[in-house]
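What follows is the residue order along each chain.
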Amino acid sequence: MKNILVIGLLLIGLASCQDLEEMNINPNLPTETHPQLLLTNIEWDAFRDSRGTSPLYALKMLVQTDGENTNQYYKWDRGSYGSYGTLRNVTKMMEEGERIGEPTYVALGKFFRSYYFYNLTLTFGDIPYASALLGESDQDYQPAYDDQESVFEGILMELEEANELLAANNTIIAGDIIYDGDVNSWRKLINAFRLKVLLTLSEKEGMNDGSEFASIYQNEPLMESVEESGQLVFLDQQGNRYPNFNSSSFSSGMYMDSTFIKRLQDREDPRLFIYSTQTKSAKEAGKEINDFSAYEGGDPAAPYAEVNEKATEGNVSKVNDRYHRDPVNEPYVLLGYSEQQLILAEAATKGWINADAGMLYESGVKASFRFYEMYAENYSSYVGESDAENYLSKPINDFTMAQTEEEQLQLIIMQKYLQSFFQLGWTSYFDHLRTGVYPSFRRPAGVEIPYRWIYPQSEYNYNANNVTDAISRQFGEGNDHINEMTWWLK
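Residues numbered from 1 in each chain as written. Predicted model: local features only at pLDDT ≥ 70, side-chain atom pairs only at ≥ 80, totals over all residues. Heavy atoms only, no water.

1. Some thoughts on unusual backbone geometry
Rule in force here: The helix and strand labels rest on DSSP assignments: H or I over at least four residues marks a helix, E over at least two residues marks a strand, and numbering proceeds from the N terminus.
Here Y438 and P439 are connected by a cis peptide whose omega angle stands at -15°. Structurally, P439 can be placed in the loop between α18 (427-435) and α19 (457-462). Even without being glycine, L133 reaches a positive phi, approximately 70°. Looking at the element boundaries, L133 is found in the loop between α5 (103-124) and α6 (148-168). At F422, a residue that is not glycine, the phi angle is positive and equals roughly 60°. Residue placement: F422 occurs in the loop between α17 (405-418) and α18.

2. Side note on the pattern of salt bridges
Under the convention used in this document: A pairing counts as a salt bridge when a side-chain nitrogen of Lys or Arg comes within 4 Å of a carboxyl oxygen of Asp or Glu. Relative accessibility thresholds used throughout: buried, under 20% of the residue-type maximum; exposed, over 50%; partly exposed, between the two (1.4 Å probe, protein chains only).
Taken as a whole and judged by the stated rule, the model has 29 salt bridges. One salt bridge in this structure joins E68 and K75, with 3.1 Å as the shortest N-O distance. Classification of K75 as partly exposed rests on a relative accessible area of 46%. Look at the salt bridges and you will find they share partners, linking E203, E346, K350, K416, D431 and R434 into a network.

3. Focus on the packing of α5 against helix α7 (residues 183-200)
Put simply, the test is: To get an axis, fit a line to the C-alpha atoms, keeping to the stretch in contact for a helix; angles then go from 0 to 180 degrees between the N-to-C directions. Orientation is classified from the angle alone, with under 35 degrees giving roughly parallel, over 145 giving roughly antiparallel, 65 to 115 giving roughly perpendicular, and any other angle giving oblique. What makes a crossing left-handed is the near helix being turned counterclockwise from the far one by less than a right angle; a clockwise turn instead makes it right-handed. Whether two residues touch is decided by their heavy atoms; if any such pair falls within 4.5 Å, the residues are in contact.
In the contact formed by α5 and α7, the axes pass within 11 Å of each other and the chain directions differ by 25°. If you check the angle between α5 and α7, you find them roughly parallel. The element α5 and its partner α7 pack so that their crossing is left-handed. Contacts between α5 and α7 involve T104, L108, F111, F112, S114, Y115, Y118 and L122 from the former and V183, W186, L189, I190, F193, K196, V197 and T200 from the latter.

Everything listed here is a matter of coordinates, which is why it stays silent on function.
Dropping the structure here:
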């Protein structure tokens, strides 16, 4: 009888422990989920990353008239480590993909890790990489900083692994809002991004001889049309609309930059009509939309009050209304067919690949026109195939007129720049740092182009030893400044 009583008490105790454990599980904070739920949000965040107005001021596409914009005058200071927050979700998606035996999510996780770490290291220099994102398993978490060379090596390795994983696991990826689950399309984007990273290192002596680039070009799938671009398409639904829809910033002191307008005018580039409005004076004079003289910008090197006076007189163009009135507008492109073709064109000029640089250049330009023909509602008649052909035949745009590699490079990078309005983030800025000159940026006398951003204050507060070691190693003790050159530029 006593034994039966003891057994009964034990069973009651076990049941009580089990009930207590179940009570301690918060149903609103699940520890496991299907990775497809994480993937959708990760894609939404990544494809909108750096697509706001900040890079457009630094790239001399916009000017501010109601105050001094730090990006316009290259007076920025601290950058943000906000991307590490999204990377935590990427880490969790990869863990969940491994848990349920779905390696495609691990592969996409490697791509998004590469994308974010690529932008982080270009922004700052050395960053936490190998020991990053371990906060859940390490209570005293203070990640060490990896040197930039190691970060780039890791990025390229992860991209290669991502491509190989997808090649071996050709299954539909649930939760994918970019390619609707198509594995081969993802491989094309990943390989194009590999080419972009390798081109970024093209001026780094001893780091890149073009052989890996050529191997990817010859042996791996790449995008074959505008329709295969890596882009986020918006919908006229709550939470899915174009990010600038109904934005009040477009009605304040934001105007077009005169150097950007001039470059488009000089080339008789019809994308001007898509990006910009006519000036108030031009509209009142009855000038047509396709009259290039109807557009004018503000001087990005002048004091903002001076530009404001010109704008008040009705002589400065604003950003085209469609960017804040169209709930769908054009997709945000993370890396598109047009940029890929221009990357390949530059590689061809360097002799990295056996291809016709001129044909690749023309393909890239035509793809940009095609993109706006598809998505810029009411402006498609200006950017059709015949318009692209006519545009490329003009001496200033004609690749056959470029006699030297330097002249060819200038044409290629200018076309990448001209297509990047609200697209491609800081790509053209990093192209300028890489080449040292293209595209050129007008600025006040004595103002230098920064090479980087200062590390976030939070790193000094919570990871001081590691961030100060990284600064000393790269620039000398205490030299966390925007004009310090990082490894990839030395």
